[in-house]
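A look at the structure
Single-letter residue listing:
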Amino acid sequence: MTAYAAVVLSGGAARRMGGVDKPARPVGGRPMLHRVLAAVADAAPRIVVGPAGPLPDDVRLTRERPPGGGPVAATAAGLALLAPGTATVALLAADLPLLTPEAVADLRRALDGSTADGACYVDGDGRRQQLCGVWRVAALRAALDRLAAGRGGTVDGAPVRGLLAGTTVREVAWSGSGPPPWFDCDTDEDVRRAEEWTR
């Protein structure tokens, strides 16, 4: 498979958790953000966008502009740190504690074997988990340019579905053993379920 980078989005207000630092919430004894970073340990570079506590030495940290500008602004900030020749990037939310290297590898294989702009997981109801995917960097940059052009030059506050609306996506159903890697933790109950899966 081709080499890849990883951009992990760790912003967000976590309103359904009372505004806590959600990526720092432990699952299975490790912060969710660190579990996501471990799933992309073979990526270079690894970039975290948003506030974050201590990170591994090889992980770069940046912020979206303006801070709190949402996941599309964070995506733009992460892509801005990639070298011009970077072809593929895993774009991931920081609240995916069940993500594994095997699950990321499945996405990379799905993209490598297609002409699509990206590959992302779909849940049991067929909904795309767009922040659990691997994308062609050129396609994401073009999508950012299109979106900004239609919004007066800014992507602040834009939804992810708006960014990816014009892209071709290969949908991947999780067929591995274990819990779904796309499971994100938006509530305390979600964290409890993830904890049960990691036992």
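You'll find the structure just up there.
Residues numbered from 1 in each chain as written. Predicted model: local features only at pLDDT ≥ 70, side-chain atom pairs only at ≥ 80, totals over all residues. Heavy atoms only, no water.

Some details on the overall build of the protein chain
Each helix and strand in the protein chain was counted, giving six helices and nine strands. The C-alpha atoms of the protein chain give a radius of gyration of 16 Å, which matches the 16 Å a tight globule of 199 residues would have. C-alpha extents for the protein chain along the principal axes are approximately 45 × 35 × 35 Å. When each of the 199 residues of the protein chain is scored for burial, the buried share is 48%. (Helix = DSSP H or I, 4+ residues; strand = E, 2+ residues; numbered from the N terminus. Rg over C-alpha atoms; globule rule 2.2 N^0.38 Å. Buried < 20%, exposed > 50% of the residue type's maximum accessible area, 1.4 Å probe, protein only.)

A closer look at the pattern of salt bridges
On inspection of all chains with the given rule, the structure shows 11 salt bridges. Note that Asp95 is salt-bridged to Lys22, the shortest N-O span being 2.9 Å. With Asp95 in the loop between strand E6 (88-93) and helix H3 (101-112) and Lys22 in the loop between strand E1 (5-9) and strand E2 (26-27), the pair connects residues that are 73 residues apart, well separated along the chain. The residues Asp95 and Lys22 share a single accessibility class, namely buried. Across the pair Arg128 and Glu171 runs a salt bridge whose closest N-O atoms are separated by 2.8 Å. Of this pair, Arg128 sits in strand E8 (residues 128-136) while Glu171 sits in strand E9 (residues 169-173), and the two are 43 residues apart along the sequence. Note on Arg128: relative accessible area 36%, which makes it partly exposed. Glu171 gets classed as partly exposed once you look at its relative accessible area, which sits at 44%. Through salt bridges with shared partners, one network takes in Lys22, Asp95 and Asp186. (Salt bridge = Lys/Arg side-chain N within 4 Å of Asp/Glu carboxyl O.)

So, the state of the cysteines
Tallied over the full model, the rule gives zero disulfides. Looking at Cys132, it has no disulfide partner, and the nearest cysteine sulfur is the one in Cys120, 8.1 Å off. Residue class for Cys132 comes out buried when judged on its relative accessible area of 1%. Cys132 supplies the cysteine sulfur nearest to Cys185, a cysteine that is in no disulfide, at a spacing of 12 Å. (Disulfide = S-S within 2.5 Å.)

Description of helix H6 (residues 188-198)
Those residues of H6 not exposed but buried are Asp190, Val191 and Ala194. For H6, the angular spread of buried residues about the axis comes to 100°, placing them on one side. On the buried face of H6, the contacting elements are E2 and helix H1 (32-39). (Arc of directions from axis to C-beta. Contact = heavy atoms within 4.5 Å.)

Some details on the sheet that holds E8
Within the open sheet, the seven strands sit side by side as E5-E4-E1-E6-E8-E7-E9. Their pairing is mixed. Both outer strands of the open sheet, strand E5 (59-62) and E9, are each paired with one neighbouring strand and no more. Averaged over all pairs of adjacent strands, the angle between their axes in this sheet comes to 25°, without regard to strand direction. Sheet topology places E6 next to E8; five bridges connect them, and they run antiparallel. By the bridge assignment for E8, Leu91 is matched with Gly133. (Pairing = 2+ DSSP bridges. Axes fitted to C-alpha atoms, helices over the stretch in contact; angles between N-to-C directions.)

Considering unusual backbone geometry
Here the bond from Ala44 into Pro45 is cis, since omega is 0°, no more than 30 degrees from zero. With respect to the helices and strands, the residue Pro45 is situated in the loop between H1 and strand E4 (46-49). Cis geometry is adopted by the peptide bond preceding Pro66, which originates at Arg65 and carries an omega value of -5°. If you trace the backbone, Pro66 turns up in the loop between E5 and helix H2 (71-79).

A look at the nonpolar core
Membership of the largest hydrophobic core comes to 36 residues, with the highest contact counts inside it found for Val40 and Leu99. In this structure Leu99 touches Arg35, Val36, Ala39, Leu92, Val104, Cys132 and Pro181, once residues within four positions along its chain are discounted. Formed by 27 residues, the second largest nonpolar core is a distinct cluster that contains Val89, Leu91, Val160 and Leu164. (Core = buried A, V, L, I, M, F, W, Y, C linked by side-chain atoms within 4.5 Å.)

What about the packing of aromatic side chains?
Considering all chains together, one arrives at two aromatic pairs under this definition. A centroid spacing of 6.0 Å and a plane angle of 80° characterise the contact between Tyr121 and Trp174, whose relative ring orientation is edge-to-face. Of this pair, Tyr121 sits in strand E7 (residues 118-122) while Trp174 sits in the loop between E9 and H6, and the two are 53 residues apart along the sequence. With a centroid separation of 5.0 Å and 80° between ring planes, the pair formed by Phe183 and Trp197 is classed as edge-to-face. Of this pair, Phe183 sits in the loop between E9 and H6 while Trp197 sits in helix H6; the two residues are 14 residues apart in sequence, bridging distant segments of the chain. (Phe/Tyr/Trp six-rings, centres within 6.5 Å; stacked < 30°, edge-to-face > 60°.)

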